[in-house]
Amino acid sequence: MTKEGLGKVLEDLAKDFDYILCDSPAGIEAGAQMALYFADEAIVVTNLEVSSIRDSDRILGILQSKSRHAEQGSSIPEHLLLTRYNPERVDMGEMLSVDDVKEILAIDLIGVIPESKAVLSASNAGQPVIMDEQSDAGQAYIDAVERLLGEKVDFRFLTAKKKGLLNRIFGS
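Computed from a prediction, not measured in an experiment: that's the story for all the values here.

J.: Mind showing me how you'd approach the overall build of the protein here?
T.: When helices and strands are tallied, the protein shows 9 helices and 3 strands. N-terminal to C-terminal, the α/β element order of the protein is α-α-β-α-α-β-α-α-β-α-α-α. The dimensions of the protein, computed from C-alpha atoms along their principal axes, are 60 × 30 × 30 Å. Among the 172 residues that make up the protein, the fraction classed as buried is 36%. Of the contacts formed within the protein by residues at least 6 apart in sequence, a portion of 64% connects residues at least 24 apart. Working note: accessible area of the protein is about 11300 Å², and carbon and sulfur atoms make up 52% of it.

See the structure below:
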């Protein structure tokens with residue numbers, strides 16, 4: 001696919017759709033750069049590992065300097081979606097906190113998706129985890145979509161669940 005070809009495909013799709021989501025490859029490969037070139041809005045998806053955050057910061061720099069909007073002297077709304085969040089690991093200092101990442105990347109946070117076995121199950125079933133409204137991850141994706149659409153939704157799943165007495169004794 002060429003940049004011109006992708007531009008034509010997006011132009012044709014825009015005639016029939018209000019939203020077109022381009023899921024680009026991670027990192028700064030040609031495919032990611034091509035997708036971000038045409039972005040009118042960006043959702044930067046990252047986990048809380050330093051290397052992933054570093055890549056996200058580079059992608060933000062490319063959005064701000066090499067996108068179609070940047071060439072025209074304008075900018076686009078940028079949103080942050082954090083995945084594989086584990087509050088227990090944050091509490092133990094094994095993972096950066098949400099506040100750390102927000103400070104580093106300095107963009108709007110639209111969602112925090114908890115680490116969940118439901119994501120793997122949904123992937124294996126070939127179904128988006130957002131369809132599993134009973135799972136924490138599915139609920140967190142729904143919350144993120146609502147925030148993206150302008151709704152005010154409180155963040156959930158950011159703190160570790162308190163363990164009851166029997167769980168603390170028996171470690172389950």
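Let's pick the thread back up.
J.: Would you mind showing me how to read the packing of aromatic side chains here?
T.: For any pair of aromatic rings, the description rests on two quantities: the centre-to-centre distance and the angle between the ring planes. Taken as a whole and judged by the stated rule, the model has 1 aromatic pair. Positioned above the aromatic ring of Y37, the side-chain terminus of K3 is 4.0 Å from the ring centre. If you follow R147 out to its NZ or CZ, it ends over the ring of F155, 3.7 Å from the centre.

J.: How do you make sense of unusual backbone geometry when you look at a structure like this?
T.: Glycine aside, the phi torsion of most residues is negative, and most peptide linkages are trans. For R84, which is not glycine, the phi dihedral falls at a positive 55°. Take R84: it is sitting in strand β2 (residues 78-85). Even without being a glycine, A106 presents a positive backbone phi close to 55°. If you trace the backbone, A106 turns up in the loop between α6 (98-105) and β3 (108-114).

J.: Can you help me understand the nonpolar core in this one?
T.: Across soluble globular proteins, you tend to see nonpolar side chains buried next to one another. Grouped together as the largest cluster of nonpolar side chains are 22 residues, with contacts concentrated most on L63, L80, L82, V101 and L105. Elements with a minimum of two residues in this core: β1 (42-47), α3 (50-66), β2, α6 and β3. Discounting residues that sit within four places of it in the chain, L82 has contacts with T46, L48, V98, V101, L109, G111, V112 and I113.

Rules behind the numbers
- Note on numbering: residues in each chain are counted from 1, in written sequence order.
- Given that the model is predicted, a residue must reach a pLDDT of at least 70 before its local features are reported, and side-chain atom pairs must reach 80 or more before they are shown or counted; all residues, however, enter totals for whole chains, interfaces and linings.
- Hydrogens and waters are ignored; side-chain quantities use all the structure's heavy atoms.
- The helix count covers DSSP runs of H or I at least four residues long, the strand count covers runs of E at least two residues long, and both are numbered beginning at the N terminus.
- Summary of the burial criterion: residues with accessible area below 20% of their type's maximum are buried, those above 50% are exposed, and those between are partly exposed, where the area comes from a 1.4 Å probe applied to protein chains only.
- Here, two residues are considered to be in contact whenever any of their heavy atoms come within 4.5 Å of each other.
- Surface accessibility in these figures is a Shrake-Rupley result with a 1.4 Å probe; residues are shielded only by whichever protein chains are displayed.
- Two rings from Phe, Tyr or Trp (for Trp, the six-membered ring) form a pair when their centres are within 6.5 Å of each other. A pair whose planes differ by under 30 degrees is stacked, one over 60 is edge-to-face, and the rest are tilted.
- Criterion for a charge above a ring: Arg CZ or Lys NZ at most 6 Å from the ring centre, at most 35 degrees from the ring normal.
- As used here, the term nonpolar core means buried Ala, Val, Leu, Ile, Met, Phe, Trp, Tyr and Cys residues forming a set that is joined through side-chain atoms within 4.5 Å.

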